[in-house]
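What follows is the residue order along each chain.
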Amino acid sequence: GGISELKILLYIRNRSMKSVNQIKILDKVPHIADLHEEVIIGTLKPNKILKDSKRGTLVEWEIPMLEGYEERIISYKIKSKLSILGFFNMPAAILKFKKDNRIKTVQSNKIKAAFK
């Protein structure tokens, strides 16, 4: 028993009427899991994948521009090194973008999933 593979969905939405430029999305995969580098049709491929055996894997996507009220969905899978029973924590994803010649940062919520 236990879970060994998870599908992660990141919803990116521009909630303003103005377009947003130079968007970077950073997500961290914990060291207990590996990024499953399968190509998922209809989603963006990561621009950078930085692996560290102790800190985990940092995945980065870049979007040149989002129009007003435009949405994007980024999907990827992670595979755990061991079967997961109990709780699994995912750190918050970070989104950086340029607005009015300033770089702004937004964080997603942290995920805590329970498996039985």
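Residues numbered from 1 in each chain as written. Predicted model: local features only at pLDDT ≥ 70, side-chain atom pairs only at ≥ 80, totals over all residues. Heavy atoms only, no water.

### Focus: the sheet that holds strand S4 (residues 48-52)
Then comes step 1: The antiparallel open sheet is built from five strands, whose spatial order is S4-S5-S2-S8-S9. With one partner strand each, in any of the chains shown, S4 and strand S9 (102-107) form the two edges of the open sheet. Going across the sheet, the axis of each strand differs from the next one's by a mean of 20 degrees, ignoring polarity.
Then comes step 2: With five bridges connecting them, S4 and strand S5 (residues 56-66) associate as antiparallel partners. Its bridge partner being in S5, Leu50 is matched across the sheet by Leu58. (Pairing = 2+ DSSP bridges. Helix = DSSP H or I, 4+ residues; strand = E, 2+ residues; numbered from the N terminus. Axes fitted to C-alpha atoms, helices over the stretch in contact; angles between N-to-C directions.)

### What about the pairing of strand S2 (residues 20-29)?
Then comes step 1: Here S2 runs beside S5; their pairing, made up of nine bridges, is antiparallel. Bridging across to S5, Val29 finds its partner in Thr57.

### Thoughts on the confidence of the model for the chain
Then comes step 1: When the pLDDT values of the chain are averaged, the result is 87; 95% of them are 70 or greater.
Then comes step 2: Least confident of the elements in the chain is strand S10 (residues 111-115), whose mean pLDDT is 70; most confident is S5, at 95. (pLDDT = per-residue confidence, 0-100.)

### Concerning unusual backbone geometry
Then comes step 1: With a phi angle near 50 degrees, Gln22 is a residue other than glycine that sits in the positive phi range.
Then comes step 2: Positioned with a positive phi, Tyr69 is a non-glycine residue whose angle comes to about 65 degrees.
Then comes step 3: For Tyr69, a relative accessible area of 55% puts it in the exposed group. (Buried < 20%, exposed > 50% of the residue type's maximum accessible area, 1.4 Å probe, protein only.)

### Examining the nonpolar core
Then comes step 1: Counting 23 residues, the largest nonpolar core has Leu10, Ile23, Ile25, Tyr76 and Ile78 as the members making the most contacts within it.
Then comes step 2: Among the secondary structure elements, those contributing two or more residues to this core are strand S1 (3-13), S2, strand S3 (33-36), S5, strand S6 (71-84), strand S7 (86-90) and strand S8 (94-99). (Core = buried A, V, L, I, M, F, W, Y, C linked by side-chain atoms within 4.5 Å.)

### Looking at the packing of aromatic side chains
Then comes step 1: Applying the stated rule across the entire model yields one aromatic pair.
Then comes step 2: Ring centres of Trp61 and Tyr76 lie 5.5 Å apart, and the angle between their planes is 40 degrees; on these two criteria the pair is classed as tilted. Remark: Tyr76 occurs in strand S6 and Trp61 occurs in strand S5; sequence separation between them is 15 residues. Comparing Trp61 with Tyr76 shows no difference in burial state: the two are buried. (Phe/Tyr/Trp six-rings, centres within 6.5 Å; stacked < 30°, edge-to-face > 60°.)

### Quick word on the sheet that holds S3
Then comes step 1: In space, the three strands of this open sheet follow the order S1-S6-S3, with antiparallel pairing throughout. Two strands bound the open sheet, and with one partner strand each, they are S1 and S3. Here the average twist between neighbouring strands, direction ignored, is 30 degrees.
Then comes step 2: Note that S3 and S6 share four bridges and pair antiparallel. Counterpart to Leu35 in the pairing with S6 is Ile78.

### So, the pattern of salt bridges
Then comes step 1: Applying the stated rule across the entire model yields five salt bridges.
Then comes step 2: When the shortest N-O distance is used, the salt bridge between Lys51 and Glu37 registers 3.4 Å. Here Lys51 is found in strand S4, whereas its partner Glu37 is found in the loop between S3 and S4, with 14 residues between them in sequence. Per residue, the accessibility class of Lys51 equals that of Glu37, and both read exposed.
Then comes step 3: When the shortest N-O distance is used, the salt bridge between Arg55 and Asp52 registers 3.8 Å.
Then comes step 4: For Arg55, a relative accessible area of 61% gives the class exposed. (Salt bridge = Lys/Arg side-chain N within 4 Å of Asp/Glu carboxyl O.)

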